[in-house]
Every structure is written in C-alpha cells, then in structure tokens.
Amino acid sequence: MNTSKTPIKLTPLYSIAQRLGATFTEQRGWRIPEVYTTLKAEIAAAQEGLALADETPNGKLLLEGDQAESVLMDTLKLGALKVNEGHDGIYRLRNDLFFISTPPGREANARKKLTTASAAAEQFVTVTDITHGRAEIRVIGPDSQELLSKVCGLDFHPSAFPNETAKQSSLAKTTQLIIRRDIGGVPAFSIIGAQSLGAYIWDTMVEAGREFEILPTGRAALAALGV
Amino acid sequence: MRDGVSPHFAIIYQVSGAVIGELMQTEQDTLKTTPNRLHPKQGEVIDRSTTIRFTFDGVKYIAHPGDTVASALTAAGVKVLSRSFKYHRPRGLLCCAGHCPNCLVQIGDEPNVRACMRSVEAGMDVRAQNVWPSLNRDLLSLTQLGSRLMPVGFYYKTFIRPKKLWPLYEHTLRHAAGLGEVDIDTPSGKFDKQYLHTDVVVVGSGPAGISAALGAAEGGAQVLLFDENSALGGHLRFTVPLHSSLPSQVSKDLPELLEALSQQPNVTAFTDTSVLGWYQDNWLCAAKGARLFKIRTKSVVVATGAYETPLIFDNNDLPGVMLGSAAQRLLHLFGVLPGRQVVIVTANEDGWDVAADLQALGVNVAAIVDEREHNACSSPYRDGLANIGVPVFYRHTIREAIGSSAVSGAKIVRLDGRGEIAPATTQVLQCDLIVTSMGWTPATELLYMAGGKSEYSADRAETVPVSTPPGIYVAGRAAGIHAVDSQITEAWQAGSNAATFAGFGEFDELAAQASDISEPRRTSERVCVPGKKKRFVCYCEDVTDEDVETAIAEGYDSIELLKRYSTISMGPCQGAMCSMNTIHLCARANGRTVQETGTTTARPPIAPVTLGALAGQNVEPVQTTPIHQWHLDHGANMMVAGLWLRPNHYGDPAAEAVCVRKQGGLIDVSPLGKLQLTGPGVPKLLERIYTNQWHNLRVGRVRYGVMCNDEGVVLNDGVCAHLKDETWYMTTTSTGATAVFEWLQWWLQSGWGEGVHLTDLTDTYAAFNLAGPQSRTVLEKLTARNLANKAFPYMRIRSAKIADVPCQLLRIGFTGELAYEVHCPSGYALHVWEALMDVGRELGIAPFGLEAQRILRLEKGHIIVGQDTDAMSDPLSANMAWAVKLNKPDFLGKPSLMRISAEGPKQLLVGFKMVDPDVVPAEGLQVVAPEVDGRLKIIGWVTSSRFSPTLEEAIGLCWLPADLASQNGASFTIRMGGDLKAAHVHHGAFYDPSGERLRM
Ligand code: FES
Ligand code: FES
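Everything numeric here is computed off the predicted structure, so don't read it as measured data.

Criteria and thresholds
- Residues numbered from 1 in each chain as written.
- Chains lettered and ligands numbered in written order.
- Predicted model: local features only at pLDDT ≥ 70, side-chain atom pairs only at ≥ 80, totals over all residues.
- Heavy atoms only, no water.
- Helix = DSSP H or I, 4+ residues; strand = E, 2+ residues; numbered from the N terminus.
- Rg over C-alpha atoms; globule rule 2.2 N^0.38 Å.
- Buried < 20%, exposed > 50% of the residue type's maximum accessible area, 1.4 Å probe, protein only.
- Contact = heavy atoms within 4.5 Å.
- Areas by Shrake-Rupley, 256 points an atom, 1.4 Å probe, with all protein chains shown as cover.
- Lys, Arg positive; Asp, Glu negative; His and termini not counted.
- Charge placed at Lys NZ, Arg CZ, Asp CG, Glu CD.
- Patch = residues over 30% accessible without salt bridge, like charges linked within 9 Å, V, L, I, M, F, W, Y side chains within 5 Å.
- Salt bridge = Lys/Arg side-chain N within 4 Å of Asp/Glu carboxyl O.
- Pairing = 2+ DSSP bridges.
- Phe/Tyr/Trp six-rings, centres within 6.5 Å; stacked < 30°, edge-to-face > 60°.
- Buried area = accessible area lost by both parts, 1.4 Å probe.
- Polar contact = N/O pair within 3.5 Å; in protein donor to acceptor, adjacent residues only side chain to side chain.
- Core = buried A, V, L, I, M, F, W, Y, C linked by side-chain atoms within 4.5 Å.
- Expected span 1.5 Å × (residues − 1).
- Axes fitted to C-alpha atoms, helices over the stretch in contact; angles between N-to-C directions.
- pLDDT = per-residue confidence, 0-100.
- Left-handed = near helix turned anticlockwise from the far one by under 90°.
- Nonpolar A, V, L, I, M, F, W, Y, C, P; charged D, E, K, R; others polar.

(A) Structural view of the overall build of chain A. When its secondary structure is counted, chain A shows seven helices and 14 strands. Here chain A has a C-alpha radius of gyration of 18 Å; the compact-globule value for 227 residues is 17 Å, and the two agree. Along the first, second and third principal axes, the C-alpha set of chain A runs to 55 × 50 × 30 Å. The 227 residues of chain A split such that 58% are buried. Pairs at least 24 residues apart make up 65% of the contacts formed inside chain A by residues separated by at least 6 positions. Counting every atom, chain A has about 9,200 Å² of accessible surface; 49% of that belongs to carbon and sulfur. Averaging the locations of the 24 positively and 26 negatively charged side chains of chain A gives two centres separated by 5 Å.

(B) Examining the overall build of chain B more closely. When helices and strands are counted, chain B shows 26 helices and 47 strands. In terms of its C-alpha atoms, chain B occupies a principal-axis envelope of roughly 115 × 75 × 55 Å. Expressed as a percentage of its 1000 residues, the buried residues of chain B come to 58%. Look at the contacts in chain B between residues 6 or more apart in sequence, and 66% of them connect residues 24 or more apart. Surface summary for chain B: the accessible area is close to 40,400 Å², and the carbon and sulfur share equals 52%.

(C) The arrangement of unusual backbone geometry in detail. A cis amide bond, omega 0 degrees, links B:P604 with the succeeding residue B:P605. Mapping B:P605 onto the fold places it in the loop between α16 (594-597) and α17 (611-615). One non-glycine residue, A:A172, lies in positive phi territory at about 50 degrees. On the secondary structure map, A:A172 appears in the loop between β11 (166-171) and β12 (174-180). For B:D804, which is not a glycine, the phi torsion comes out positive at approximately 70 degrees.

(D) How the structure looks around a negative patch on the surface. Residues B:D109, B:E181, B:D183 and B:D185 make up a contiguous surface patch of negative charge. Tracing the backbone through its elements, the reader meets B:D185 in the loop between α5 (166-176) and β8 (192-203).

(E) Representation of the pattern of salt bridges in the model. Residue and element names in this part refer to chain B. Here the structure, examined in full by the defined rule, presents 48 salt bridges over all chains. Notably, a salt bridge pairs D416 with R418, separated by 3.5 Å at the nearest N-O pair. Overall, R418 belongs to the exposed group, its relative accessible area being 69%. Put simply, R946 and E851 hold a salt bridge, and the shortest N to O gap is 2.6 Å. With a gap of 95 residues between them, R946 in strand β44 (residues 936-948) and E851 in helix α24 (residues 850-859) connect regions that are remote in the sequence. In this structure R946 comes out as buried when scored by relative accessible area, which is 16%.

(F) Main features of the side chain of B:N229. You can see B:N229 is positioned in the loop between β9 (223-226) and α7 (253-262). Excluding its chain neighbours within four sequence positions, the residues that come into contact with B:N229 are B:M117, B:R237, B:T271, B:D272 and B:R329.

(G) Expanded view of the sheet that holds β12(A). Residues and elements named next belong to chain A. In spatial order, the strands read β11-β12-β13-β10-β4-β14; together these six strands make up an open sheet with mixed pairing. Across the chains shown, the open sheet's two edge strands, defined by having one partner strand only, are β11 and β14 (215-216). Relative to β12, β11 runs antiparallel, the two sharing six bridges. If you follow L171 over to β12, its bridge partner there is T174.

(H) A look at the packing of aromatic side chains. Scanning all chains against the criterion turns up 24 aromatic pairs over all chains. Each member of the aromatic cluster is reached from another via a ring pair, and the members are B:W630, B:Y650, B:F768 and B:W833.

(I) Summary view of the interface of chain A and chain B. Taken together, the 45 residues of chain A in the interface contact 48 residues of chain B. Of the roughly 3,700 Å² buried between chain A and chain B, counting both surfaces, carbon and sulfur atoms make up 52%. Applying the counting rule to chain A against chain B returns four salt bridges. The closest approach of N and O atoms between B:E620 and A:K173, which form a salt bridge, is 2.7 Å. Between the two partners, chain A and chain B, sit 22 residue pairs in polar contact (both at pLDDT 80 or more). The dominant element in the side of chain A that touches chain B, judged by the number of residues it contributes, is helix α6 (residues 198-208) of chain A, at four residues.

(J) Here's a closer look at the nonpolar core. Residues and elements named next belong to chain B. Among the nonpolar cores identified, the biggest contains 118 residues, and F54, F56, V69, L93, I295, I344 and M577 are the most heavily contacted of them. By residue number, the principal contributor to this core is helix α8 (residues 324-334), which donates six residues. By size, the runner-up hydrophobic cluster in this structure holds 39 residues, among which are C708, V865, L876 and A878.

(K) Representation of the environment of B:G220. Residues and elements named next belong to chain B. As for its position among the elements, G220 is in the loop between α6 (207-218) and β9. Taking the C-alpha atoms as reference, G220 lies 37 Å from C116; in sequence the two are 104 residues apart. Those residues within four positions of G220 in sequence are excluded, and the remaining contacts are N266 and F504.

(L) View of the pairing of strand β37 (residues 765-771) of chain B. Residue and element names in this part refer to chain B. Among the seven residues of β37, six are classified as buried, and the element is accordingly described as predominantly covered. Pairing of strand β31 (residues 665-668) with β37 involves four bridges; the strand directions are antiparallel. Across the sheet, the residue bridging to G665 is A771, located in β37.

(M) Here's a closer look at helix α23 (residues 829-842) of chain B. With 14 residues, α23(B) should cover 20 Å at 1.5 Å per step; its first-to-last C-alpha distance of 21 Å lies within 8% of that length. Just downstream of α23(B) lies B:G844, where phi reads positive at about 85 degrees.

(N) Quick peek at the sheet that holds strand β1 (residues 52-56) of chain B. Residues and elements named next belong to chain B. Here five strands make up an open sheet; going across it, the order is β2-β1-β7-β5-β6 and the pairing mixed. Strand pairing shows two members of the sheet lacking a second neighbour, β2 (59-63) and β6 (110-114), which therefore form its edges. Taking the axes of each pair of neighbouring strands and ignoring which way they run, one obtains an average angle of 40 degrees across the sheet. Sheet topology places strand β5 (residues 104-107) next to β6; three bridges connect them, and they run antiparallel. Bridging from a neighbouring strand, I107 pairs with E110 of β6.

(O) Structural context of the confidence of the model for chain B. Residues and elements named next belong to chain B. For chain B, per-residue confidence averages 91 on the pLDDT scale, and 93% of positions sit at 70 or higher. In the predicted structure, residues 1-28 sits below a pLDDT of 50 and forms 39 contacts with residues beyond four places in sequence or in another chain. Between residues 242-252, whose pLDDT stays under 50, and residues either more than four places distant or in other chains, the model counts 19 contacts. Interface predicted TM-score (ipTM) for the complex: 0.97; the corresponding pTM is 0.88.

(P) Region of interest: the side chain of B:D547. Within the element layout of this structure, B:D547 appears in helix α13 (residues 545-553). The buried charged residue B:D547 lacks any salt bridge, with B:K86 as its nearest oppositely charged partner at 4.9 Å.

(Q) Region of interest: helix α14 (residues 559-566) of chain B. Those residues of α14(B) lying buried are B:I559, B:L562, B:K563, B:Y565 and B:S566. At the C-terminal side of α14(B), B:T567 shows a positive phi close to 70 degrees.

(R) Representation of the packing of α6(B) against helix α12 (residues 484-501) of chain B within the structure. All names here are of chain B. At a closest axis distance of 6 Å, the pairing of α6 and α12 adopts a crossing angle of 35 degrees. In this structure, the crossing between α6 and α12 has a hand that is right-handed. On α12, the residues touching P207, A208, S211, A212, L214, G215, A216 and E218 of α6 are V484, Q487, I488, A491, W492, G495, S496 and A499. Its residues placed into classes, the contact of α6 with α12 shows 10 nonpolar, five polar and one charged.

Listed below in structure tokens is the structure:
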C-alpha cells in the first residue's frame, strides 16, 4: 500500500475560497476558510449587514421511519416536534423524516447512537450520514431575509419563519433545506443542499447580495460570534 | 405594378439612395431651446437648478432632472413622438400617463419605452421607432393611401394571392408594421426578482390608495402600497387648482395624506412599480424596472383609479389632441405648456378645471366646447372663465381636428335636441391644442382578474363594481368614486376591511365597503362623433370606428370576437384607451345595451413588462463534481450534461480511449445517480421496478437492471448492489438520477413503500472509474483489500480503504476492460483522485473524459439510455432482451412487453460497421431503402457512431427494421447529405465479444 498524504476533506466551496484569497484552517478534518478579508470586516458584515459562510463541515444525518420520532424521544429525550419545527439541531422535515445537524465530526457518534437505539427497539428506522453530500451555506445578518426573498418564495419574516424552523423549498431553481438559526439575535439562515450545487448557490447568493454588499465570512468570524 | 404588390410598397422601394440621404439630412446639430417651459411652480417634480442633455433622433435637447423624455421634448416644442403601428400616422402625447402607445420610443438598445414615463438621463440616445426614413418624413405613412388593402382583419383578406408572393408580402409587412427593434447583440441586462409577503396590498396611491393603506395599517396589518408613477399621490399631484381666487378643495389633502403615511411604519410604498396581474389566492405580480416582484398577500385593495376616455372624431389622433389629465400632468408636474391656444372639448367639470389651469398659466383658451346645456355645468370656474371672455360653446362638440402633422385648428358643431349633429353648424377655431375631457373608465383589470364584477350604470355612463370576491376591495375612481373627500373616507374603510380580512380586528358589519355612490355624472355616453375622415378607436392597433362597423357587419358581433378579429385592445396599452369605447360602439351597432354587450376578459400583464424582468436573473443551476477544479487545472474541455459540467476530454479523446485499452484510465463518474434503499421490502420493490430478477442477488454482488415505465418504454438503467442484509445501493444514469429518485418516491408513496426507505446519496459519494489492464495494480498500491480475481470477481462490491479513505469498490465498468468503480465520500474526492492519479501515472494511467468513454462503450456495443433509446424504445427491441424476465411476477411494463414479445419487435437496435471504414455517419442520420418507384424510404436511423481507434474503423448503433437487423452482415444504406453510404449489420460487441478482458 502506498499512501503518503493524510486524507483531508474539502468542501465544494474550497476553490472559490482559494480564488478569494482566503486563509485556511482545519476543522475536524475539513479544510475551511479562516478569514477572507479581515476579521473585523467579516464580523461587522455578519452583525450589521450581510455575510455568507461555508459551514459544510457540520454533521448531517437523516433519520427516516414511522418510528423515527419515538427513537429520537427515547435516545435524546426529545419533546414532540411538529413538521418544520426544530430543537437543538434536530428538525422534523416530514412525519417520518428528521434532519439532524451536529457540530463537525460528531455525526459518526450520533449515527451510531441512533442506529443502536433503533436496533435495540427493533424499529425499522434508517439513519444515513449525508454530511459529505450536502453543502451548507449560512447567510448571516440583518439583510439576510431581504437577500433570501430574492431567491426563494418562502416568507422569511420571523412571524412566518421563526428561529429553529426548517423548511424545504425551491431556492434559485434548486431544492434546498433552509434552517433559521439566528446568531445571538442576528438573523441567520443555513441553506443546505446538494454539494454539487454548492458553488452555484454560493455564486447566486453573492450576485443577489451585491446590493447589500455581502461579504464572505470565515471560521474566525463565526467563532468570534459564538458559532 | 406587379401582381398583388400594393402601389405604396412599390413606391417605397423605388425611392433612390440619394433621395433617402436627402430625407435623412433634416436635423441640425444645434441645441434646442425650451420655449414651452413655464416659470417655477409649487408641486413640480423637476430640479431646475441643473440641466442635462440628451438627443432625440440625433438632435440635442436639454432637460431638468425629474423631466420625462416626453416632458422635456414638449418643453422644446416637439409634438410628434412616434408613428402609428399600421398607417404610420404621426402621433403625439395623448395620455401622458403610460396608458397609450403614442409616445413609444427607442432609448439606446431598449425598444418600446414610454417617453412619458421614463425620466431623462444625461446622454440618453432617444430615437423614434418604426419610421422610415425619419419620424417627420415617414414614407411608410404613404400606406394611408393604400389603406384599403389593410381593412380590419386584412391578414385574412389581402396579401393572400398569389401564394408565391407571400415571402415578399411578409418581408414588406414586417418592415412596415411593428414596434421597436431588438438588437440581438445587446448583452442581456441585469434582471432579478423578489418575493414579498404581506397582509394587505394596496394598488394605486392616489387619495384612495393612500387612505386605504392608512386604514389597513391602523388596523395593525402590514401593507404594501404600489404605484406605477414616480411619486405617491395619484391625481392629487396634478389636479391642484391654480386660481387662488377660486375654491381649492383638494390642495391640502395630499401633504396631509403623505405626512400620515410617513408616520405609519406598517406601510411600505413602492413607486415606479406596475402591478401586472392578479393570480389565484391573492398572488400578485409587479415590475419595477429590472426587478419582478411576486407578492403573496392576504387581501387586496384595488385603488387603481380610472383612465380618461378619449373621444373618437375625425383626425382624433393628430398630435396636439390630448386628454385633459395629460395636459394637467405636463403643467403641474413638469411646468410645461402643452400648447399656446387651446380648445377644450368636455362633458364634465374636469374639462373646466383644465381650462382654468391653462388659462391661469397664460394659455389662450380659444374655446370651451361643452356638450351639456349651460345649466348642467356646475363648475366653480364657469362664470369666472366666461367673465374674462373665454368663449364657451354649450351644446357643441368637436367634429374634426385640423392639421397635417399637428393640430392647427378644430371644427366644432352644434348638437340638436336629440344630441345629434345639427346640419350646417360647423365652425372652425384656430388652435394648436385640443384637450378632451369626456369621462372616465375605471381601471378595474385587477378586480376582474380576481373575479370581481361590475355593472354599467347608464345614469353615470360608467361601470360600477357590484361584487368583489372575499379579500378583494375596491376604492376610489376604480369604485366609481370621483369626489376626493368620498374617495378618502370610503377607501379608509376599504383598507380597514382588508386588514380585518387579513386577520386584524373584527368586521364592522355596518361599515359597508363602498356606500351608495350618488355622484354627479362625469362621463358622456357620446364616444364617437361621425365624420368623413379617419377616427381612431384603438390607437395601438390603428383601428377606426369604421373598422369596428365592418367587423360587426362581417359577423364578429360579440365583443370577444370583435376583439380577436380587429385586434382592438390587444396593443401595448391593453385596451386602456379603447376598450370602453369599443363596447359602446359594439353595443350601438348591435342595438344592445352596454351592459348586455359585456366586457372582454382582463389578463396579465396589465402594463408592458420586459421579457428580461419576467425571466429574472440570468442564471441556471450548474452541478459540478467535487474535483471540478482539478479538471479545469488539467486542461479539461468541459461539456454540459444535464445540469452537470463534465470533462469531455483532456485534449485527445481517441488517445485517451487507446490508453484505457492499453494501460488504463481514470474517469470522474461522480454524477452517476446513487440511491440507498434499506429495509425488508427492498427485494420486492426491485422486482417491481426492474425487468429482471433480484430476490436471488446475494450480498456482495452487483447486477445490471433496466427500468421501464408502464408502457414498457426504457426509463433508465444501471447497476444495483446488495450491500448488507437490508441495504442496497443503486446507481442510475447521470442525467436520470433525479428522475429515478422521484419515480421511486412516487411508487413508494403509492403503495409499494412498505418496508423500504430510500435516500439519495448521489452527492454524498464521488465516483471514479479506474479502467484498463493496469487498474488492479494501481488499486493494490492504495488498499489492503485483496483484489485478486477470485477474491473480488467481476460484478461484485467490496468495502475498502483507498488511500486511507473508506470507500465502496464496485467491479464494473462501461469500457469492456478490467475496471473498478471507486465510490468515496465527496469531501475526500480530491484526495482519492489524486492518490489514484499519482500511483497510476507511473503505470501509464491517464484521465479520460466522456468522449473517450463513448468510444469505448460503443466498441463494446453498450447502449446509452436516452441516446440510443427514445420515448418509444422498449428493452426487447433495444437489444436488452437478456435483461427482461417475462416469466417473473408482475413488474412495471410487463403487460406491454408481453404483447411486444408475442407480436415480435418491429424495429431493432443493432450494431453496424461502415463499408468504407473512414466514413463516420453523424448521429441522427437516416437509414434509407429504395421503394418500387425508386424513391428513398426512411427505414431507420443512426443513434451512435464513432471512429474506433482500437478497430481503426467506423462503427455505430442504429435502429433498423427487425428482419433486416436480425441478419448479421446484411447491407443497408445511410443517407449522408446527398450521398448514400453502405453499411452492414454487426451482431455482438465490436471489441472483445466474449468479454474476457473485463473478467481478467
Ligand atoms: S402619452 Fe405616453 S403613454 Fe400615453
Ligand atoms: S388603444 Fe391600446 S390597445 Fe387599443
């Protein structure tokens, strides 16, 4: 066997970040942008304007089955969720389908735990790790609702799309899962969809966000914001 | 004159180049002054502190910021702005509100811009459109001489014979008719769209619209207020009485309303925004320049006002004939005099308001021609104007506008006791402006689209809404309310009701949406004054009242038929200027009432909108594989496949194919559809959706399968692997991945989902196919897994770490060589690919693209679903009978395949070789055979063809009649351009027919 390099995981937005001159850092085996411009500008964009961040490394699981809810309740002591509602990174997409978001690198454990629990309960529940399959782009800032209204037909007003809500919709002619995850009171939305469309979605957001002076934001700014 | 060629066209084409040059040389290169600009006045929207320059047909003009193109040109004394659609008659400002075709111009590369709505920008290049050779000397206006050749519905009557001349007619008509020109070389502009969500939408921001918005917002609703004009206020912006000595009822209202609006945080106002249409469930569409809004609202207040109705009389389209509201817009918004000597033709107090305005600003009011009796006029200006000597003609109307390219006088006539023209009463008045104020047509298109109904009130000669669907409210002039005080109070209530409907507060049953309207009549029933010249009903389409009569006489007597036959109301203004008048004319000609005649159906878009705005952002989704950048960095020639961008080749596809055969190659097949199926019900599902058997496929094995629809037509193909007890891994074609996923979802949700979960992993795994005799050696350097043929034979799947990354290895391939498909988590794709390339390079492995793959698969005779098959192809005919098990229980397509099997396929997909090995017939070419009479009959077609670098000859696949296809070596002919090329049938794979190489 002949392998010299340590495997490194790249997101579908890696080349874009390279072109933008980002500096990179590593997050649980993923190489991700640390800073694109300046930390100060990126934090300011997120808090006062509009920022765009690559959060593809976040773990992503799908839990499917008529008994998925009971497995979740037993395993994670989770209360009942209605469709589109979420709590603590767990979102109900259909009666029998949940999306689970974990911090980077935690998906394998979560998967194992849920698979074991379903097997123990003799329930027909399928847990699938789709972390690599989905790009995750977070739009952050006071202008994020306005930006999304240019690419998606959903109503992003907090009364219609409260924090910790997940909706699947057409966004810029593609199917995406949109989760509202505000950051300390600043509106923020995660857009999760096929990784092969990640670069397209990013470019479309940048184009639509030009009028709001959208700024790519790296891991350092996110960390400073408490993400 | 030759057969059927109209004399005027002959004249046009006989004009020599020299004459044209002379005609074009009419303009001077001097800056035009603005003799018609008034002194500054309150309420105007122009900024006089600065000037900007622009050109109109090459002549320089000045404007102030805030001017429209039309106001600036009128200030400079320009009267003719366009030529009419069919007869090329000169046209000038009519409505000044964006509701007619008379001011359409070309600005830069943008055609059909309404000059009265577009603000001037410095350096603007404005041009007249549809004129030849110039606006002021348009030779195409000579078509008036031959207008008998273009009666109503002329396209059904003339220019038909002789048939062979149609190309000439068509060319000529296209040249003569039409609007602006689209320059296809112009780069597409930036367009986008935005979705808006709200509780209440108010359309129109006149006093009624603003008041409705306030009423709704005070109830707590979020309100979006739209207006097509550049500022809020509607008619209050320009119906401000100037006579300080005369009572001013309304001047105080607009500032108050605007102030209240500015204090109301629940209202968001959009100016310069046209609402284009109403759709199901209160979904509205609006356009603001390059942006399209799609608006979802709970309720709507239609406060769209009314169109001032033109009067039809001889030469009523002459530049200088203008609506009263247009004159007021020019005066009050832009400080521009529309003329120096005016005749006002009216039937209501609005006309007197205009007369008072014009007189106060120094225009000589040559006459007020009022069709009413003296005592029917209650204008506050009546006595004042008479006292200062303005001539007033009661019981008179206009008969004709005099002038050739602009108004120079007006013929007026007396009306007898029955309202008819009294003989021998014609008088000629000198004037350069004729203003008509004859009445109003409520702008109710949105109301009608939403399902609302109006009825014609003969007393008021207007339609009045009688029913509105739930959640739709009407206010202001659209509801037949003209008095500003009533507009404000009634609209407030309408807004409040709209908010209640949207869930804010309780309904006040007593507060009617619109109380009983008892207003004085503002609209005359006289829509047409008979005469001897052309009288235009529809300005957009150049249709006259005589055309309407002719059409009705020819049997097109219902209003909908009349519209379609005459094209009335189908022009850029969509009937704003002509619909009501046409209904009156139609009613009269049929001896019916206006109410009985009905209206035509209102459809979006109400206002003109660019295709760019409808299309939105010029982006289409593009899918790229995780190693897309690697391909670009290595000189890949990319091609579009579905939504994917994929390497077609890296420079030399034939060499890539040879390399695969000799050493090996690596191709990025990440776009392959990859579906995970789990659960005890999977084998049963596979049996139903594939045509072959699945229940017996053991863990670790892979099988090829074909999917058909209910008609037995091939939908997709691919392999499916049995990974674990209840876990299966299916691959589909790259472009069919989404369709197969949806197809399976459909069946799972339609009763076949018991015990099956389906997950799309297409993007979760990247996939690379390592093919060629060296592939095993390469892989062995990167994995500890035993790859020996015995341990890992053909059509098997194994988990393995490749370059330290956990992967699935499938021993399959499309090339006919020993091959492994490596499926790895997408994030690791570049690492794995580079590891394979690093090791492979030493062994002569090179990347290959889709083109090489197509050559290689063709050499093996493998088909590509969608290329070699179409929407009629079944697997029995498409050389896949081996993958169809008709003896298994029911599966999708089985009944159809049973029938085809019993009858025998009529066409078969089969391989072929060319007799001349260097001739490669293009895909899609016909296979032909001579008939008895010697003519060639199409008997088949080529679906795939390539020059095989391995076999060094042209090979391909084609559809042939079954009897011919079943004879190995049989000859047939392919039509290539004018030549016939010989080919012969080839059964089996062209390369390695026994399949030894892939089992090595
Ligand atoms: S004059 Fe401009 S649209 Fe009527
Ligand atoms: S006047 Fe515009 S469509 Fe008739």
